[in-house]
Amino acid sequence: MTFQEIVAHINKYATGWIAYYGRFYKSQLHAAFYGLNDFLVKWARRKYKTLKRRKKHAWAWLIGIASRYPLSLAHWRLGVRPT
């Protein structure tokens, strides 16, 4: 999958989670979305050879994406961006 396909797939579910669980369990939602950022790093490490053995570089890649496109993922709009 490309990153755009992953973004479309994640946003479809994340917006529903935010609408439903965001009213009552916002702290648990943040924990789940931190795990989602971790999943994106694992995906990038599998997808790109240069990031395969470099976890810090993969996180830097995701931070760069988040700084360039801060509104692309629903949980980034909520404020759960990679740091």
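Since the model is a prediction, treat every value here as computed from it, not as a measurement.

Visitor: Please provide a residue-by-residue account of the overall build of the chain, values included.
Guide: When helices and strands are tallied, the chain shows four helices and zero strands. Going from the N terminus to the C terminus, the chain shows its helices and strands as α-α-α-α. Residue burial in the chain is summarised as follows: out of 83 residues, 33% are buried. Long-range pairs, those at least 24 residues apart, make up 48% of the contacts in the chain with a sequence separation of at least 6. As displayed, the chain offers around 5,900 Å² of accessible surface, 57% of which is attributable to carbon and sulfur atoms.

Visitor: Which residues make up the packing of aromatic side chains, and what values do they have?
Guide: A ring pair, where both rings are aromatic, is described by two values, the distance of the centres and the angle of the planes. For the structure shown, the criterion picks out seven aromatic pairs. On the numbers, 6.1 Å between centres and 85 degrees between planes, the contact of W43 with Y48 is edge-to-face. Pairing Y48 with W61 gives two aromatic rings, centres 5.7 Å apart and planes at 55 degrees, and the pair type is tilted. Note that Y48 is positioned in the loop between α2 (26-47) and α3 (55-68) and W61 in helix α3, a separation of 13 residues in sequence. Put simply, the rings of F3, W43, Y48 and W61 pair up and form one aromatic cluster.

Visitor: Mind laying out the packing of α2 against α3, listing which residues take part and the relevant values?
Guide: Packing of α2 against α3 brings their axes to within 9 Å, and their N-to-C directions diverge by 115 degrees. Judged by the angle between their axes, α2 and α3 are roughly perpendicular. Crossing handedness for the pair α2 and α3: right-handed. Residues N37, D38, L40, V41, W43, A44 and R45 of α2 pack against K55, A58, W59, W61 and L62 of α3. Here the contact of α2 with α3 is composed, by residue class, of eight nonpolar, one polar and three charged.

What counts, and at which threshold
Residues numbered from 1 in each chain as written. Predicted model: local features only at pLDDT ≥ 70, side-chain atom pairs only at ≥ 80, totals over all residues. Heavy atoms only, no water. Helix = DSSP H or I, 4+ residues; strand = E, 2+ residues; numbered from the N terminus. Buried < 20%, exposed > 50% of the residue type's maximum accessible area, 1.4 Å probe, protein only. Contact = heavy atoms within 4.5 Å. Areas by Shrake-Rupley, 256 points an atom, 1.4 Å probe, with all protein chains shown as cover. Phe/Tyr/Trp six-rings, centres within 6.5 Å; stacked < 30°, edge-to-face > 60°. Axes fitted to C-alpha atoms, helices over the stretch in contact; angles between N-to-C directions. Parallel < 35°, antiparallel > 145°, perpendicular 65-115°, else oblique. Left-handed = near helix turned anticlockwise from the far one by under 90°. Nonpolar A, V, L, I, M, F, W, Y, C, P; charged D, E, K, R; others polar.

Fair warning: the whole summary comes from geometry, so function is off the table for now.
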